[in-house]
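The chain contents come next:
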Amino acid sequence: MAQVRLDSVQVRYDGSDAIRDMTFTVESGELAVIVGPSGSGKTTVLRAVTGWAPIARGDVYLDGRRLNDVPPGDRDVAMVYQTRALYGHMTVRQNWSFPLEAVKRPRAEIDQRVRQVAEMLEMSEFLDRYPKQLSGGQQQRVALGRALIRQPTLFLFDEPLGGLDAKLRIHTRSYLKKIHADLGVTTLYVTHDQIEAQNLGSRLIVLNHGLLQQVGTPDGIYNRPANRFVAGFIGSPPMNFIECVVSHAGDQVMLLHGPLRVTLPAEKSALLVSRASADSVVIGIRPEAIVLTPGANAQTVPVQVYVTEPQGSEIIVDLRFNENILRVRGHRETHLNFPLRLNDIVHLFIDPAKTYVFDKATGARLV
Amino acid sequence: MSTLVIEDLHVHYGETHAVKGVSLRVENGELCVFLGPSGCGKTSTLRTVAGLVRPSSGRILIDDRVVNNLYPGERDIAMVFQSYALYPHMTVREHFAFPLRAGKMPEPEIAKKIESIAELLQMHPLVDRYPRELSAGQAQRVAIGRALIRTPKLWLLDEPLNNLDARLQVETRAVLKHIQRESGITSIYVTHNQEEAQSLADQIVIMDSGLIQQIGTPQEVYDEPTNLFVAGFVGTPPMNFIPCTLSRANGQIVLRHETFGLELEPELVQRVAAADGHAVMLGIRPEDVDLRPVHGGDPASDRMHPRGTVYVIEPQGNEQIVSLQVTLDVLWKVRREANSAAVPLESGQPVELTLRQHRLRLFDANTEQRLL
């Protein structure tokens, strides 16, 4: 059991900050996923925990013990990389025994640990095979086993599924989630794939440009994003954004863009007024929250079909609205069951109850 | 304005029989996607159309004219490959202009064309840059633009989005599809990515082991897969499967598994020709299963519906993917909305699985062809 805490951590490479002001806590037994685009500082955070990144400022704690001055080898953390880091000339058994032999554990203990790990990962029948004789998924298990065998207090994963094909990724990540639930070892997992992050994490730590953007559950991050970056990064297709002019009508706020008029309910209006006085904002709406109809009414605005993309039982429709492309996602039999041909004019309704409002300058969510 | 016909095409590389009798027709203006795992023959087929690979036998016809003996340059096609070969000494603008100047287009018209392709590909601020000043994604878009700026008889695209990150892939494929639709140029697009294939295609040609497995619209291959391979290859998470034995008695059909016996609805019974005792594979898509928590109970032999134990729950936006252990070696995935109305589930919980029967698919366990 281990709690990880970063307090105002800053790491500098070549005179610029890779991460700064990094403060968060991962509770004992959690699977926390660090997610962000490339260059956001995700891997640097892991390296600050393992001891391979120079900490310029701030502190890293494992169970309340300050790690800054503890050499990497003494931190009791285990790292899992992509499968290519396996030793090709060693069997599965040798790949697993190696880390324990290196620290001179007794033979009997090593054999027993190998047996346990093989059972846990359902690899008992493959112990004497070489990595190249295994499938991609099995190789991934070998990589995982090599970390498990050391019984570390903390697991660190750096894009471990990067080398796998789409189907195997889906399978392996369910498997990892289950293994984590069974073992309950505190885990920090790095990925650039936001779907993987949502699927796996009990909590997500979202980074951009070396700065922490938001920490929260997948549900909390998806439904209550802290800012425009998080709103646009988590979710596929991404949230739609439209710049709007703020107009007041009594207690209600109207957000306008061309013919589009989103009238915020009283409560949200009050919230917006209390938080910002700007005369323009950016509204955000999820692709599944937009309603599309073949006919117009007083609430709708006309948009033009740019492309339609079938996706299994659903369709994604890209629509041209002034200079914006808006994406709508819906079921092809229930929501989007009317003709949507190239350049057709259809009508769109944005539900004010499902609309987010962001500060145009800072990106912070206002409503 | 062109049609493409491929007749009984075979391609050998030494001992390897890469394409084993492919025949298909791409209508004027269609975007046809060749989809399959690596080594299925999709790229070899495309390369014979381009004239880069010589068929061992079979004919390629563009607009009803056999082109087997024409050089690539004589076929009036434009190609985009996964590896974008850009000229280091030419700016983006010069790359775009190059094929047009070669076709002797007047300069003012070239300028207009460049303007519009740069806008479509969102490359406006970059037109005066050299390749070394571009990211991999931007360079790939230059390669795409260079091909799409011409109006040849055919566009051939071989995994052109592979080097882009996920978000840019999604954006660029929409742009690509829009440009193709607007221009109406007959196109072939090769990919191993089934999601990309569904998004882009008018027709998908699904290949495996050098053979065509199915040709159909995205909806057809998703809803009516001809065989087990197609059913498992198209869709994510993939279709769920479980082996059953078909039992026929008193005008009824029951799909028997050791843990359940699912009675088919009457309107489905007449559509299944298989005999009593036939080994079948039952298939159902992740969105076509309803979950209901159960608490212990009746013996397995009396159960009509499959049961499972919640393995993990994976949130995904407004939905969640529930993995279920159905038997020791069968893991299913069920997609459901994650709103407050959904019955809350937790890991380890037993559930009953109700399959939407009109969406249920059956495959012959031996031939792997679809029966229902």
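It should be noted that the structure appears before, not after, this text.
Residues numbered from 1 in each chain as written. Chains lettered and ligands numbered in written order. Predicted model: local features only at pLDDT ≥ 70, side-chain atom pairs only at ≥ 80, totals over all residues. Heavy atoms only, no water.

**Observations concerning the sheet that holds strand E11 (residues 240-249) of chain A**
Residues and elements named next belong to chain A.
Argument step 1. Strand order in the open sheet formed by 5 strands is E13-E12-E11-E14-E20, and the pairing between neighbours is antiparallel. The open sheet terminates on both sides in strands that have one partner only, identified here as strand E13 (260-263) and strand E20 (356-359). Strand-to-strand twist of the sheet, defined as the mean angle between neighbouring strand axes without regard to direction, takes the value 40°.
Argument step 2. Bridge count between strand E14 (residues 280-285) and E20: 4 bridges; the pairing is antiparallel. Along E20, the bridge assignment pairs Val 281 with Asp 359.
Argument step 3. The strands that helix H9 (residues 266-275) touches are E11, strand E12 (252-257) and E20; relative to E12, the one it contacts most, it runs at about 80°. (Pairing = 2+ DSSP bridges. Helix = DSSP H or I, 4+ residues; strand = E, 2+ residues; numbered from the N terminus. Axes fitted to C-alpha atoms, helices over the stretch in contact; angles between N-to-C directions. Contact = heavy atoms within 4.5 Å.)

**Observations concerning the side chain of Gln 311 of chain A**
Argument step 1. Structurally, Gln 311 of chain A can be placed in strand E16 (residues 301-311).
Argument step 2. There is a polar contact of 3.2 Å between the side chain of Gln 311 of chain A and the backbone oxygen of Glu 195 of chain B.
Argument step 3. Sequence-distant contacts of Gln 311 of chain A, that is, excluding residues within four places in its chain, are made with Arg 173, Glu 195, Gln 198 and Ser 199 of chain B. (Polar contact = N/O pair within 3.5 Å; in protein donor to acceptor, adjacent residues only side chain to side chain.)

**Considerations on the packing of aromatic side chains**
Residue and element names in this part refer to chain A.
Argument step 1. Tallying each qualifying case throughout the model produces 9 aromatic pairs over all chains.
Argument step 2. Ring geometry for Phe 229 versus Phe 233: centroids 5.4 Å apart, planes at 15°, classification stacked. Separated by 4 residues within a single helix, Phe 229 and Phe 233 lie in helix H8 (residues 228-233), roughly one turn from each other.
Argument step 3. Accessibility expressed as a relative area gives 23% for Phe 229, which makes it partly exposed.
Argument step 4. Among the aromatic residues, those joined into a ring-pair cluster are Phe 155, Phe 157 and Tyr 189.
Argument step 5. A cation over an aromatic ring shows up here: Arg 141 above the ring of Tyr 175, its NZ or CZ 4.4 Å from the ring centre.
Argument step 6. Between Arg 228 and the ring centre of Phe 241, over which it is positioned, the NZ or CZ distance is 4.6 Å. (Phe/Tyr/Trp six-rings, centres within 6.5 Å; stacked < 30°, edge-to-face > 60°. Buried < 20%, exposed > 50% of the residue type's maximum accessible area, 1.4 Å probe, protein only. Lys NZ or Arg CZ within 6 Å of the ring centre and 35° of its normal.)

**Observations regarding the packing of helix H4 (residues 136-148) of chain B against helix H5 (residues 166-183) of chain B**
Residue and element names in this part refer to chain B.
Argument step 1. It is at 12 Å that the axes of H4 and H5 come closest, and there the two elements cross at 10°. Regarding the angle of H4 to H5, the classification is roughly parallel. Where H4 approaches H5, its residues Gly 137, Arg 141, Ile 144 and Leu 148 are matched on the opposing element by Leu 168, Thr 172, Leu 176 and Ile 179.
Argument step 2. A class-by-class count of the residues in the contact of H4 with H5 yields 5 nonpolar, 2 polar and 1 charged. (Parallel < 35°, antiparallel > 145°, perpendicular 65-115°, else oblique. Nonpolar A, V, L, I, M, F, W, Y, C, P; charged D, E, K, R; others polar.)

**Structural notes on the interface of chain A and chain B**
Argument step 1. On the chain B side, the residues contacting the 35 residues of chain A number 38 residues.
Argument step 2. Note on chain A versus chain B: buried area summed over both sides is about 3100 Å², and carbon and sulfur give 50% of it.
Argument step 3. Our count for the contact surface shared by chain A and chain B stands at 5 salt bridges.
Argument step 4. A salt bridge links Arg 335 of chain B to Glu 314 of chain A, with the shortest nitrogen-to-oxygen separation between them at 3.3 Å.
Argument step 5. The interface formed by chain A and chain B includes 22 residue pairs in polar contact (both at pLDDT 80 or more).
Argument step 6. Elements supplying a minimum of two residues to the side of chain A that touches chain B: helix H5 (166-183), helix H6 (194-200), helix H7 (218-223), H8, E16, strand E17 (314-321) and strand E18 (324-331) of chain A.
Argument step 7. The element contributing the most residues to the side of chain A that touches chain B is H5 of chain A, with 8 residues. (Buried area = accessible area lost by both parts, 1.4 Å probe. Salt bridge = Lys/Arg side-chain N within 4 Å of Asp/Glu carboxyl O.)

**What about unusual backbone geometry?**
Argument step 1. The amide bond that connects Ser 236 of chain A to the next residue, Pro 237 of chain A, takes the cis arrangement and shows omega of -10°.
Argument step 2. Mapped onto the secondary structure, Pro 237 of chain A falls in the loop between H8 and E11.
Argument step 3. A cis geometry characterises the amide bond from Thr 236 of chain B onward to Pro 237 of chain B, with omega recorded as -10°.
Argument step 4. Residue placement: Pro 237 of chain B occurs in the loop between helix H8 (228-233) and strand E11 (240-249).
Argument step 5. We note that Glu 122 of chain A has phi near 55°; this positive angle belongs to a residue other than glycine.
Argument step 6. Along the chain, Glu 122 of chain A turns up in the loop between helix H3 (107-120) and helix H4 (136-148).
Argument step 7. The backbone phi angle of Lys 104 of chain B is positive, close to 60°, even though this residue is not glycine.
Argument step 8. Inspection of the secondary structure assignment puts Lys 104 of chain B in the loop between helix H2 (92-102) and helix H3 (107-120).
Argument step 9. Given a relative accessible area of 71%, Lys 104 of chain B falls into the exposed group.

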